[in-house]
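Here's the letter readout for the chains.
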Amino acid sequence: MRVLEHRRALKDQHRGLGAFIALTLLLVVLASASFAQEIFGTEEEGGGGDPFDITADTVEFDTTRKVYIARGNVRLEQPSRVLTADWMVFSDTTREGVASGNVVVTEGSDRLLADVLHFEVDDLQGIVFQGKLETGANDFLATGETIKRTGEQEYLFEDAMFTTCQCPDGGVEPWAIKAKEADLEFGGYAVTKSTTFNVLGIPILWTPRMWFPIKTERETGFLFPLINFGSRSGGLDIGLPFFWAARDNINVRLIPHYLSDKGFKPETKIEYVFGRESYGEFFGSIIKDDDIDPNNPSTPFSKTRWGVEWIHDQYLPGPFEGWRWKVDGRLLSDNNYAFDFRDFSRIRGDRYVESLTMLEGRFGVLGRYGMTAAMHYAEDQQNPDDQDRDEYLIQRFPDLRLAGLPQPLAPFDQPLLRNAVFSFDTRYTHFWAQDDVTDQQPFATIVDGLFADTGIDAIPDGEERDQAGRKVLPDGTILNYDGTVTTAAEILALDPLAILPTGDGSADNFPGPEGDGRFQEGEPVVDRGHRVVLNPRVAFPFRVADAFEVMPELGWHATLYNTDAKSSAVRNLFTALLDVRTRLRRELQLPNWLAEGQPVVHLMEPRFVYSMVEGSSQRGNPGFIPRPLVQNERLRLLEPTSRVRDPSDRIDDVQAFTLALGNRFYVPGRPPLEEEGVVGPPRLFADVTLGLHHDFADDDLSSLYMDGVAYPWEGVRTRFNVGFDLDQSEFREMLFSIGYGTLLGNDIGVSYRYVKDVPRFFENFRFDEERFEEFEEGFLEINQFDFRTRYAITRNWAVTYRLSYSFEQTLVLANQVGLEYLSKCKCWAIRAEMSENRARGVEFNFRYRIIGLGDDTVRPFSGRRRGQQDSLIEDES
């Protein structure tokens, strides 16, 4: 039996004497068990609902109307729900009641708030006036002028509003659905009449009837609209995403886009997962572009334009356990697609659109052996469609690799071989193409049946520039980069090595890659066939005085060919590597102006590496993989083994040594909870590597490099590298960047990048001048400056700016300004930006996002999750 309790604190003696007497008389009356049962009911008698307790500051019984009136801190409790209010009246006869003033009904994680609630005592079902319904399971919020509860999870609304963003009072909901009438079933669906979809309080869509899910699980329905504008990407772009929960493990997103300049463009994205770790996604889009004229040399492709992409990663089951099948493939209808639309904007700077499918697995003890079977396919994107090399671009299928990690050579007892370790790499590749170069370029010069000497643009027009910016004119004279005209004889008189000899050994008027008789990257391969690479290696690691680590290694690098031009050919190279290093440690004290004068632990790793590659002449051998026109000497210095693992078909002899000094500096870390006297894990203060390289086989190759990163002060991050050519006494490359950021969202950063020699990609292409006009003269070097900043005007407003500028050709590469707003509830954000760059032209973008749990609420458009490191603010450890 339940009784009505009065839980007033004795110290609240300021209450009226009448209230105290009334409560005392009521408790005496309720002492009767039979009378209590008549009031509250049981399973067998009365209302048959759940039993409940009521507490309040004062309770009265109106004998005339036979109702109970409770005032002040009213609380009605049932086993599964609680109702609180300022005032309540209920009738034992009708089993109905009314509550008013700060009414809250709590059931699990759900809450119903109202000004007035008319309810049934046994189950609290009823009608709400000026109500709000909050569901904790999915952050769903519903309000209405009247809300009638018709079932356990069923409600009827009038003048309703629904959203999942719960902003504080006075805040504007980022999105909301408003309806004249609505019928809701939580865990099911909502059916609304006369419905509008509002963004920031502004209705943007009306429908007479609407149906949408209200479930904690993912469910089919519309997502927030997408809005963008770009001068080269179709003008104003509006998309309305529709999400289809096809199966428990399959998501389908359908987005019909409307582009103001090009029309209707639908796209589909399918995401799927299966097994414990396997997943994949497919994307496809298509448009009929009426702006395209296939007969116009600037747009030599079909009006039907499309792009597809498939990413797949599957861990195979059963007898293939331990093997994975991967696909990373994409195909585009034309070479301008990535530039005209946003779908594949991330590959706009790629020379080729590449696809790969492969099967890989590891086996043996500790997975020491690995094997891959792959197919590589690529399409040329740098040339216009009527001048590209898709038909004769060399492809690799199949591409088989087998590798073994270092392991004991054999159970030998001889002291010399006892510590020897053996490793190897083997590779078989079939090189093929769909068509022959001569079918597409009948005037191309074929050298020894191996390649077409067209230059890197694969067009035999004789107008390519060399690395010095020179180009041969039709009359045989040479046009310098500065616009002056000269001849080959005049150039050779000043510098006998300025013009490399052609295939027949004579110096002619062609200073560039075209017509020089040399195979260089970008020139079409004519030969077809097979290549096998065998690279076994034996190393003898040991220690000296327990202080120096020494690893000498001997290797054999054999390449076997069977091709159309060369029925059989063999290249034998012998490699040697000696790697000696040690590690030293010391402690230092930083000056007060640097990192607060903290103590620092300095770890040094001096290293000496000698590398050697010797072999017979490779002239006349097939050349499927060319030697890079511009070597990245800094990376080769930082990883000397790359010199003896070179996969190209032309490898120069190497007799080189590298001296390197690695430096890592650590300072005491911050305590996890700022506990006094507690020191956190060491924190990286700086990582700097110095290196000196010299190749005896090429006396012109002596370089000094420095590469590093540092965090000198809180919120500051620097990145730098320098390459200096000792022979020419000039800088080969240089990078310096510094950024500063605060926890309030203020950022500023500058960077400078210089590279003396860069590969040549674009040359004299016909037509499509809008895309290629910046590349006609070519860049001889990279000499660029980048500035970026973000200023938080308030906690909610911020302005951003970025400028990228090339001193080479005095060209603005990118210019972008943005304005961001973060809602006061930190649950949504908008960004308006205007940008201009060479690839995309002028763009106006409006970005809107819902901020979820874990997202960055300081820089909502940074693309990082909360807790993820920001290179401008947080220190690396």
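Undergrad: Where do I start with the nonpolar core in this structure?
TA: What tends to happen in soluble globular proteins is that the nonpolar side chains get buried as a cluster. By size, the foremost hydrophobic cluster in this structure holds 43 residues, and its most contacted members are Leu 83, Met 88, Phe 119, Phe 157, Phe 162 and Leu 184. Phe 162 has contacts with Phe 140, Leu 141, Ala 142, Phe 157, Trp 175, Ala 176, Ile 177, Ala 182, Leu 184, Thr 192 and Phe 212, leaving out every residue within four places of it along the chain.

Undergrad: Can you walk me through the packing of aromatic side chains in this structure?
TA: Each aromatic ring pair is characterised by the separation of its centres together with the angle its planes make. Taken as a whole and assessed by the stated rule, the structure comprises 20 aromatic pairs. Their ring planes at 75 degrees and their centres at 5.4 Å tell us that Phe 157 and Phe 162 sit as a pair that is edge-to-face. A single burial state applies to Phe 157 and to Phe 162, both of which are buried. Taken together, a centroid distance of 6.5 Å and an interplanar angle of 55 degrees make the contact between Tyr 752 and Phe 807 tilted. In this pair, Tyr 752 is assigned in strand S42 (residues 747-755) and Phe 807 in the loop between strand S44 (797-806) and strand S45 (811-822), connecting sequence segments 55 residues apart. Accessibility expressed as a relative area gives 42% for Phe 807, which makes it partly exposed.

Undergrad: Would you mind showing me how to read the pairing of strand S8 (residues 140-149) here?
TA: When a strand is regular, its side chains alternate between the sheet's two faces. Within S8, eight of the 10 residues are buried, leaving the element largely enclosed by the surrounding structure. Sheet topology note: the S8/strand S9 (residues 154-163) ladder contains eight bridges and is antiparallel. Residue pairing in the sheet places Leu 141 in a bridge with Thr 163 of S9.

Undergrad: Would you mind showing me how to read the pattern of salt bridges here?
TA: Pairing between side chains becomes possible if they bear opposite charge and their charged atoms approach one another. For the coordinates displayed, the defined rule picks out 43 salt bridges. Here Asp 725 and Arg 732 are joined by a salt bridge, their closest N and O atoms 2.6 Å apart. Each member of the pair, Asp 725 as well as Arg 732, is classed as buried. A cluster of three or more residues bridged by salt bridges with shared partners is formed by Arg 543, Asp 546, Glu 549, Asp 579, Arg 581, Arg 583, Glu 605 and Arg 607.

Undergrad: For this particular structure, what's the right way to read the confidence of the model for the chain?
TA: For the chain, mean pLDDT is 79; residues scoring 70 or higher make up 79% of the total. Counted against residues more than four places away or in other chains, residues 500-510, with its pLDDT under 50, gives 22 contacts. In the predicted structure, residues 762-777 sits below a pLDDT of 50 and forms 46 contacts with residues beyond four places in sequence or in another chain.

Undergrad: What is the right way to read the environment of Thr 454 from this model?
TA: Along the chain, Thr 454 falls in the loop between strand S27 (451-452) and strand S28 (471-472). Among the residues examined, Thr 454 registers a relative accessible area of 0% and is labelled buried.

Undergrad: Please explain the environment of Ala 114 as it appears in this structure.
TA: Checked against the element boundaries, Ala 114 lands in strand S6 (residues 110-120). Exposure remark for Ala 114: the relative accessible area of 7% places this residue in the buried category. Sequence separation of Ala 114 and Ala 85 is 29 residues, and the distance between their C-alpha atoms is 9.3 Å. Setting aside anything within four residues of it in sequence, one finds Ala 114 in contact with Asn 102, Val 103, Val 128, Phe 129, Gln 130 and Gly 131.

Criteria and thresholds
Sequence order as written defines residue numbering, which begins from 1 separately in each chain. Owing to the predicted nature of the model, reporting of local features is limited to residues with pLDDT of at least 70; listing and counting of side-chain atom pairs is limited to 80 or more, with chain, interface and lining totals taken over all residues. Heavy atoms throughout the structure, all of them, feed into the side-chain values; hydrogens and water do not. In these notes, a set of buried Ala, Val, Leu, Ile, Met, Phe, Trp, Tyr and Cys residues joined through side-chain atoms within 4.5 Å is what counts as a nonpolar core. Only protein chains enter the accessibility calculation, which uses a 1.4 Å probe; a residue is then buried when its area is under 20% of its type maximum, exposed when over 50%, and partly exposed in between. Two residues form a contact once any of their heavy atoms are found within 4.5 Å. The pairing test for Phe, Tyr and Trp rings, Trp by its six-membered ring, is centres within 6.5 Å, and the orientation test on the planes gives stacked under 30 degrees, edge-to-face over 60, and tilted for anything in between. A run of H or I in DSSP counts as a helix once it spans at least four residues, and a run of E counts as a strand once it spans at least two, with each numbered from the N terminus. When DSSP locates at least two bridges between a pair of strands, those strands are taken to pair. For salt bridges, the criterion is a side-chain nitrogen of Lys or Arg within 4 Å of an Asp or Glu carboxyl oxygen. The quantity called pLDDT is the predictor's confidence in a given residue, expressed from 0 to 100.

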